[in-house]
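# Coordinate inspection notes
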Amino acid sequence: MTTVAEIVANDLCIGCGLCEAVTESRVQMAMTPSGSLRPTPLDAFSACEEQKVIDCCPGVVAEARAAEDMPMDPIWGRHGAMRYAWAANAEVRFEAATAGVLTSLGQYLLRSETAAFVLHTGADPAQPMRSRWVISETPEEVQANKGSRYGPTAPLAGIESALERNEPFAVIAKPCDLGALHRLSSLDPRIDRLVAARLAMVCGGQSRLSKSRRLLEEFGIEESAVSLFRYRGHGNPGPTRVETIEGEAFEIGYLQMWEDEGTWDVETRCKLCPDALGEAADVVVADVWPGGAPTGEDEGFSGVIARSAIGESLVTDAASEGCIVLGEPISPRSFDDMQPHQVRKKAALAARYEGLGDAGVSPIATRGLRIEELGRRLSPSEARTQRAGAAARIGRARA
């Protein structure tokens, strides 16, 4: 693909915000009627800016960044420590998502002065169902912006503002966002100089805002009446909670919200994601429910994976300073059991990429992510099914 317009037309844009950063906000991320963030206008790029985006765009390329001297697992990639973990602070553990580990690591980076601020995402105060990028300079601000944001997020829209401060900082984002940041680092040396830590969650996919809109319809609420929209947290996994400016409150359980994957309205690019496991991060945090889904609420546990020397030191130091608690080791095969949908998708991707080619769309170029190797695990009949499904999906998306 040679233009951003082509990426958007093929529905391979994830709305990461890179376009906004590269053009210094001349192109902005705007919500589409279908509930996706997309760069607008598409004809406002200079030739140089557009090439820069193409070189880094998650809809075009994905590349592993993990340390070459770390053990390699065919599914999980290069990794160091794999452990159960949770926030040491009981309030953070309860309120934040996935036992508060990412929130706690962000807070530790500020307290230790390893980072001057954290670039991440949080609820938009003006539109709480939606998200915006934010810079947090204190542990309290990190906690104020805690919690998973299951709808569209564009953290890279803030990367230029972060770099311009010329201070060390951390980034908490989706794996695809960090993949784009890694690619951008080869074009912008400020990134490797200033980004002190790159943190991600293992990602099940980014839902379009239409998923949340339907929930409001079920509750009989207009978006303009919403004062709080919490996707999870206040427990593990915690309910999805909506509050209104008139003081009403509505909740729906995590499984009721997310058990039926057919209702997720996940972005097309997520169905084709080669790196939902965060191989461009220093530290990745994952849900650790046996079988892949919770059976009820618990105190809050997560799995933490270090992927670099920076990540190893961060996890160890944060535990030593009492910011997180480390539990028992987790083997890659145990992670397979706790993230079975990721294992299935990894095996299906090679066939899905062939389906993209059948539909006349260039597949995502992958580097160091073992997509062809894992694709050989699929039976011929399942490969044909995945290939045909991907071609049909991209056809529907383009239409």
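Residues take numbers from 1 onward in each chain, read along the sequence in its written order. Only residues with pLDDT of 70 or above have their local features reported here, since the model is predicted, and side-chain atom pairs are shown and tallied only from 80 upward, although totals for entire chains, interfaces and linings are computed over all residues. Values shown for side chains rest on all heavy atoms present in the structure; no hydrogens or waters enter the calculation.

## Overview of the nonpolar core
Selection rule: Here, the term nonpolar core denotes a set of buried Ala, Val, Leu, Ile, Met, Phe, Trp, Tyr and Cys residues that are joined through side-chain atoms within 4.5 Å. Type-normalised accessible area, obtained with a 1.4 Å probe on protein chains alone, sets the label of each residue: buried when under 20%, exposed when over 50%, and partly exposed for intermediate values. Any two residues whose heavy atoms approach within 4.5 Å are treated as being in contact.
In this structure, Phe169 and Phe335 are the most contacted members of the largest nonpolar core, which totals 84 residues. Among all residues touching Phe335, those that are not within four sequence positions of it are Trp76, Met82, Ala286, Val288, Gly303, Ile305 and Ile330. Counting 22 residues, the second-largest nonpolar core is a separate cluster that includes Leu109, Ala170, Leu199 and Cys323.

## Describing the sheet that holds strand E14 (residues 283–287)
What counts here: A strand pair is defined by DSSP finding two or more bridges across the two strands. Every helix listed is a DSSP run of H or I at least four residues long, and every strand listed is a run of E at least two residues long, numbered separately from the N terminus. All axes here are fitted lines through C-alpha atoms, helices being fitted over the stretch that makes contact, and every angle between N-to-C directions spans 0 to 180 degrees.
If you walk across this open sheet you meet the eight strands as E8-E7-E9-E10-E14-E15-E6-E16, and the pairing is mixed. Across the chains shown, the open sheet's two edge strands, defined by having one partner strand only, are strand E8 (127–136) and strand E16 (324–329). Adjacent strand axes in the sheet meet at a mean angle of 25 degrees, parallel and antiparallel pairs treated alike. Pairing analysis gives three bridges linking strand E10 (residues 195–201) to E14, with the strands arranged parallel. The residue bridging Leu199 from the neighbouring strand is Val283, located in E14.

## Regarding the pattern of salt bridges
We count it as follows: A carboxyl oxygen of Asp or Glu within 4 Å of a side-chain nitrogen of Lys or Arg is what we treat as a salt bridge.
Within the structure shown, the criterion is met by 27 salt bridges. For Arg26, the salt bridge is made with Glu49, and the minimal N-O distance between the two is 2.3 Å. On the criterion of sequence distance, the pair formed by Arg26 in the loop between helix H2 (18–22) and strand E1 (28–31) and Glu49 in helix H3 (residues 47–56) is long-range, its members being 23 residues apart. For Arg26, a relative accessible area of 42% gives the class partly exposed.

## Digging into the side chain of Glu279
The topology assignment puts Glu279 in the loop between helix H12 (268–271) and E14. We classify Glu279 as buried; its relative accessible area is 1%. Contact partners of Glu279, with chain neighbours within four places excluded, come to Ala64, Arg65, Ala66, Ile75, Trp76, Gly77, Arg78, Arg307, Lys346, Gly368, Leu369 and Arg370.

## Describing the pairing of strand E2 (residues 37–40)
The pairing of E1 with E2 spans four bridges and is classified as antiparallel. Within E2, the position partnered with Ala30 by the bridge is Arg38. Counting the residues that bridge the hairpin from E1 to E2 gives five residues, and of these Gly35 lies at a positive phi of roughly 95 degrees.

## Focus: helix H15 (residues 340–358)
Test applied: A helix is expected to reach a length of 1.5 Å times the quantity of its residues less one. A residue's bend is simply the angle between two axes: one fitted to the seven residues ending at it, one to the seven starting at it.
The end-to-end C-alpha separation of H15 is 28 Å, in line with the 27 Å expected for 19 residues at 1.5 Å each. The sharpest bend along H15 measures roughly 45 degrees and falls at Leu349. By the criterion of burial, H15 is predominantly enclosed, with 14 of the 19 residues buried. Just downstream of H15, Gly360 is the residue with a positive phi angle, here 80 degrees.

## Some words on the packing of aromatic side chains
For any pair of aromatic rings, geometry is given as the distance between the ring centres together with the angle between the planes. The test is simple: Aromatic rings from Phe, Tyr and Trp, with only the six-membered ring used for Trp, were paired whenever their centres fell within 6.5 Å, and each pair was classed as stacked if the ring planes differed by under 30 degrees, edge-to-face if by over 60, and tilted otherwise. In this analysis the charged atom, NZ for Lys or CZ for Arg, is taken to sit over a ring once it is within 6 Å of the ring centre and within 35 degrees of the ring normal.
Enumeration according to the criterion identifies nine aromatic pairs in this entry. Ring centres of Trp258 and Trp264 lie 6.1 Å apart, and the angle between their planes is 80 degrees; on these two criteria the pair is classed as edge-to-face. The exposure classification of Trp258 matches that of Trp264, with both residues buried. Here the aromatic residues Tyr150, Phe229, Tyr231, Trp258 and Trp264 are joined through ring pairs into a cluster of three or more. Its guanidinium or amino end placed over the ring of Phe301, Arg93 lies 5.0 Å from that ring's centre, counting from NZ or CZ. Above the plane of the ring of Phe117 lies Arg165, whose end atom (NZ or CZ) is 4.3 Å from the centre.

Nothing here speaks to function; it is geometry throughout.
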